[in-house]
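Here are the chains, one letter per residue:
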Amino acid sequence: GLQYLELEAVNPNPNPLESAQLTGTWRLVYTTSDSILGVSRARPFRPRPKILQSINAETLTAKNEEWVLMGLLKNQVRAELEPRGDGRTVD
């Protein structure tokens, strides 16, 4: 569903990308992103047991790290974040 919209609505920080509290490394517990979940990959190459996301709100950059093959191999991808017009989330 669209529970994330409800969660965004009660966020005490109206512009999360401007908050120093966002900067850090987070364990990604929930995502709707098929590419992050690796749904098109063979099961051994899907991320397990965890996915970490490092966000730097000051430089608007992010890095995802994942482990595959039962934790034997680490992949990572870097991205530049672009705020949406409302300043609340990124695309």
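Relevant structure appears above.
Below is a short write-up of the structure. (Residues numbered from 1 in each chain as written. Predicted model: local features only at pLDDT ≥ 70, side-chain atom pairs only at ≥ 80, totals over all residues. Heavy atoms only, no water.)

As a further point, take a nonpolar patch on the surface. A surface patch of nonpolar side chains, amounting to about 390 Å² of accessible area, comprises Phe45, Leu69, Leu72 and Leu73. Its place among the elements puts leucine 72 in the loop between strand E3 (61-68) and strand E4 (73-80). (Patch = residues over 30% accessible without salt bridge, like charges linked within 9 Å, V, L, I, M, F, W, Y side chains within 5 Å. Areas by Shrake-Rupley, 256 points an atom, 1.4 Å probe, with all protein chains shown as cover. Salt bridge = Lys/Arg side-chain N within 4 Å of Asp/Glu carboxyl O. Helix = DSSP H or I, 4+ residues; strand = E, 2+ residues; numbered from the N terminus.)

With that out of the way, let us pick up the side chain of lysine 63. Relative to the elements of secondary structure, lysine 63 occurs in strand E3. Glutamate 65 provides the closest opposite charge to the buried, unpaired lysine 63, separated from it by 4.1 Å. The contact partners of lysine 63, leaving out residues within four places of it in the chain, are Leu52, Gln53, Ser54, Gln76, Val77 and Arg78. (Buried < 20%, exposed > 50% of the residue type's maximum accessible area, 1.4 Å probe, protein only. Lys, Arg positive; Asp, Glu negative; His and termini not counted. Contact = heavy atoms within 4.5 Å.)

So, about the pattern of salt bridges. If you walk through the whole model with that rule in mind, you get two salt bridges. Note that lysine 74 is salt-bridged to glutamate 65, the shortest N-O span being 2.8 Å.

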